[in-house]
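# An overview of the molecular structure
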Amino acid sequence: AQVQEFIVNGYLSLPPCPTLLHSHHVDISKALLTAFEDGDPGNNLLTRCPQLWDVLEAPQVAGALASLLGGEGYTLHAHRRAHLRQGGSKSTMWHQDSYKGSSWCGGRHHEPTTLMVMYYPQPVTRSMGPTELLPGTQYF
């Protein structure tokens, strides 16, 4: 059912990992905020917050990645960036996230070859301005 949902909508929303305690997510949140104290950590996020590996390796996340990418032989892309927005900041305009145009990417595929993972260590409300997705636009 989850693979079908992904094929139709272009995204999959997973519930919080039952194997990770609430306190672990709080620790991750603190580590992420600390990483930004010295400036934007850029793509160095996993180095600055190694607790994120626990999320990526949680059974339901690892299982979803393996199911969607065709096994456990996938690699983690070097782009591991957190986007921290301050309250009251202007929103980012609608745009298409992809690696299209990169030297190693020939464009869109009807089979997933790359996935972007978004993780929120706390509940997110609409008033917080979370990332918005437009279902069904992944093939265009």
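For the structure, see preceding data.
Residues numbered from 1 in each chain as written. Predicted model: local features only at pLDDT ≥ 70, side-chain atom pairs only at ≥ 80, totals over all residues. Heavy atoms only, no water.

By secondary structure assignment, the location of Cys49 is in the loop between α3 (45-48) and α4 (52-56). Residue Cys49 is classed as buried on the basis of its relative accessible area, which comes to 0%. When the C-alpha positions of Cys49 and Leu32 are compared, they lie 6.4 Å apart, and in sequence the two are 17 residues distant. When sequence neighbours within four positions are dropped, the list of residues in contact with Cys49 reads Ile28, Ala31 and Leu32. (Helix = DSSP H or I, 4+ residues; strand = E, 2+ residues; numbered from the N terminus. Buried < 20%, exposed > 50% of the residue type's maximum accessible area, 1.4 Å probe, protein only. Contact = heavy atoms within 4.5 Å.)

Turning our attention to the pattern of salt bridges. Under the counting rule described, the total for this entry stands at one salt bridge. The partner of Arg48 in a salt bridge is Asp38, and the shortest N-O contact between them spans 3.6 Å. Of the two residues, Arg48 is situated in helix α3 and Asp38 in the loop between α2 (22-37) and α3; the sequence distance between them amounts to ten residues. When its relative accessible area of 68% is taken as the criterion, Asp38 is described as exposed. (Salt bridge = Lys/Arg side-chain N within 4 Å of Asp/Glu carboxyl O.)

A few words on α2. The end-to-end C-alpha separation of α2 is 23 Å, in line with the 22 Å expected for 16 residues at 1.5 Å each. Taken residue by residue, α2 has His24, His25, Ile28, Ala31, Leu32, Ala35 and Phe36 as its buried positions. All buried residues of α2 project into a common sector of 140 degrees when viewed along the axis, lining one side. Turned more than 90 degrees from where α2 packs its buried face, His22, Lys30 and Glu37 sit exposed. Turning to α2, the residues buried within the fold contact α3 and α4. Gly39 sits one or two residues past α2 and shows a positive phi near 110 degrees. (Expected span 1.5 Å × (residues − 1). Arc of directions from axis to C-beta.)

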